[in-house]
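Spelled out, the chains give:
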Amino acid sequence: MNTGDVIRKKIKASFHQTGLYHKIDRFRWRERSVCRGKNYPDEHFYVIRRHASRAGLFSFVMTNLGSIREAIDRGMVPIIDMESSINPLILPEEVSRVNGWERYFLQPCGFSLSDVSQARHITLSDIRPPACYPDAAQLRDPEMLRKWRKLFHQYIHVKPELLQQAESYIAEQFPGKKVLGVLARGTDYRASKPHAHEIQPDAELLIRDAGRMMRDKGYGLIYLATEDGEIWDAFQAAFPGKCLSFQKDHFTVKEGEWINDLANDAVGTMTVNREYLISIVILSRCQGFLGGAANGSFGALLMSDGYEDQVLYDLGVYP
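Reading the values: the criteria
Residues numbered from 1 in each chain as written. Predicted model: local features only at pLDDT ≥ 70, side-chain atom pairs only at ≥ 80, totals over all residues. Heavy atoms only, no water. Helix = DSSP H or I, 4+ residues; strand = E, 2+ residues; numbered from the N terminus. Buried < 20%, exposed > 50% of the residue type's maximum accessible area, 1.4 Å probe, protein only. Contact = heavy atoms within 4.5 Å. Expected span 1.5 Å × (residues − 1). Pairing = 2+ DSSP bridges. Core = buried A, V, L, I, M, F, W, Y, C linked by side-chain atoms within 4.5 Å. Axes fitted to C-alpha atoms, helices over the stretch in contact; angles between N-to-C directions. Arc of directions from axis to C-beta. Polar contact = N/O pair within 3.5 Å; in protein donor to acceptor, adjacent residues only side chain to side chain. Right-handed = clockwise from strand over helix to strand, strands pointing away.

Novice: If you had to explain the environment of Cys109 to someone new, which residues and values would you point to?
Specialist: Topologically, Cys109 is positioned in the loop between strand S4 (105-106) and strand S5 (122-124). Here Cys109 falls in the partly exposed class, since its relative accessible area comes to 34%. Placed 31 residues apart in sequence, Cys109 and Pro78 show a C-alpha to C-alpha distance of 6.8 Å. Not counting the four nearest positions on each side in its chain, Cys109 is found in contact with Val77, Pro78 and Tyr155.

Novice: Let's hear about the environment of Met214: which residues, and what values?
Specialist: Here Met214 shows up in helix H9 (residues 203-217). For Met214, a relative accessible area of 10% gives the class buried. On a C-alpha basis, the gap between Met214 and Val179 in space is 9.0 Å, while along the polypeptide they are 35 residues apart. Setting aside anything within four residues of it in sequence, one finds Met214 in contact with Tyr219, Gly220, Leu221, Ile222, Phe239 and Lys242.

Novice: Can you tell me about helix H3 (residues 57-73), naming the residues and giving the values?
Specialist: Here H3 is 17 residues long and its end C-alpha atoms lie 24 Å apart, about the 24 Å a rise of 1.5 Å per residue gives. Judged by how many residues are buried, H3 sits mostly within the fold: 13 of 17 residues are covered. Once H3 ends, the next one or two residues include Gly75, with phi positive near 75°.

Novice: Give me the lowdown on the pairing of strand S7 (residues 179-183), citing residues and values where you can.
Specialist: Of all five residues that make up S7, five are buried, and the element is covered over most of its length. When S7 meets strand S8 (residues 221-225), the two strands line up parallel, connected through five bridges. Each bridged residue has a counterpart across the sheet, and for Leu180 the counterpart in S8 is Ile222. Examined bridge by bridge, S7 and strand S10 (residues 288-291) share four bridges and lie parallel to one another. Paired with Leu183 across the bridge in S10 is Gly291.

Novice: Before we move on, can you summarise the nonpolar core with the specific residues and values?
Specialist: The biggest cluster of nonpolar side chains holds 57 residues, and the ones touching the most others in it are Phe105, Phe174, Tyr223, Leu277, Ile282 and Leu283. Ranked by residues supplied to this core, first place goes to H3 with eight residues. With sequence-adjacent residues up to four places away left out, Leu283 is seen in contact with Gly181, Val182, Leu183, Tyr223, Ala225, Phe289, Ala300 and Tyr307. Counting residues in each nonpolar core, the second largest holds 20 residues, with Leu180, Leu205, Ile222 and Trp232 among its members.

Novice: Which residues make up the side chain of Ser125, and what are the values?
Specialist: Its location among the elements puts Ser125 in the loop between S5 and helix H5 (136-139). Sequence-distant contacts of Ser125, defined by excluding residues within four places in its chain, comprise Trp29, Arg30, Glu31, Tyr46, Val47, Ile48 and Arg49.

Novice: Describe in detail the sheet that holds S5, supporting the description with residues and values.
Specialist: Here four strands make up an open sheet; going across it, the order is S1-S5-S2-S3 and the pairing mixed. Only two strands of the sheet have a single partner each, and these edge strands are strand S1 (32-34) and strand S3 (77-80). With direction set aside, neighbouring strand axes in the sheet form an average angle of 30°. Sheet analysis places S1 next to S5, joined by three bridges and oriented antiparallel. When the bridges of S5 are listed, Ser33 appears paired with Thr123. Sheet strands touched by H3: strand S2 (45-48) and S3. Its angle to S2, the strand with the most contacts, is close to 165°.

Novice: Go over the sheet that holds strand S11 (residues 309-312), please, and point to the residues and values.
Specialist: Spatially, S9-S8-S7-S10-S11 is the arrangement adopted by the five strands of the open sheet, whose pairing is parallel. Two strands bound the open sheet, and with one partner strand each, they are strand S9 (243-244) and S11.

Novice: Lay out helix H6 (residues 142-155) in plain terms, naming residues and giving numbers.
Specialist: For H6, spanning 14 residues, the distance from its first C-alpha to its last is 20 Å, which sits close to the expected 20 Å at 1.5 Å a residue. Taken as a whole, H6 has its buried residues at Leu145, Trp148, Arg149, Leu151, Phe152 and Tyr155. Each buried residue of H6 sits inside an arc of 165° when the element is viewed along its axis, so together they form one side. For H6, exposure combined with an orientation more than 90 degrees from the buried face picks out Pro142 and Lys150. The inward-facing, buried residues of H6 contact H3, H5, strand S6 (157-158), helix H13 (295-303) and S11. Capping the start of H6 is the job of one residue whose side-chain oxygen sits 2.9 Å from the backbone nitrogen of Glu143: Asp141.

Novice: Would you mind going over the pairing of S11 in detail, with residue names and values included?
Specialist: As paired strands, S10 and S11 are joined by four bridges and run parallel to one another. When the sheet's bridge partners are listed, Gly291 is paired in S11 with Leu312. For the handedness criterion, the β-α-β arrangement of S10, H13 and S11 is classed as right-handed.

Laid out in structure tokens, this is it:
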């Protein structure tokens, strides 16, 4: 990159931090109705968009589910658009060419963006997340959990080939065993203490409670969903020969590093997302659940048919 390119990149980055840029961006990605042809005159499509470059896979699942509910409530047919802007499910060069959602999930109602390229009635959503989507407070309420789970099962469909990988793993690793699923956010997240986000349990608390549940509830195996090497090692030491993980790589971070960045650099974003999704599917098939209030936990809770034992920690929020 020559000096001129470096200067232009710095100027662009600085402009993106200004209030003017955010106003322009908000206007460009506002909700609006468009007509692109004469097809499907009896349908009104709601194209779900979200402008976020670092949100995780299940953050998008939760907000997209909220937008799906909004579309249904408004009498529209939801279509998820994760190709029109930069997002973590596609590479920068794939913008406007690849719908990242369709790498991992089917479209909610079977319609794709190409299907409605000539549709008569289309509403493009605002880029911001919807006002209401599954969060910790709602999913701790049994009735709200039931409602969101029903909606999830109806409209969020993991691609069959990924489901098959999860089912094959379960058939091979779980036969005849009562399995406790545990989700552990990484030490990097807990060290960063993101403002107003749910406090995550540390490995010591998870291990203590997992041991109690194994002893009192008869669990024979632990399925651990984590990318954190320290947590994985701690669980293996505490429960030798009884810990399983579909995720092949676990990473130990230094201060200031992020596990997702290390994982993406080591094995690639698409592989990380695919393994993570399959891991959450497996987690949803366990008989018990233990985990912090995080989007991966929410995904497992909604994807499951219900757990025999369920602990979703409520430890307050980071200041």
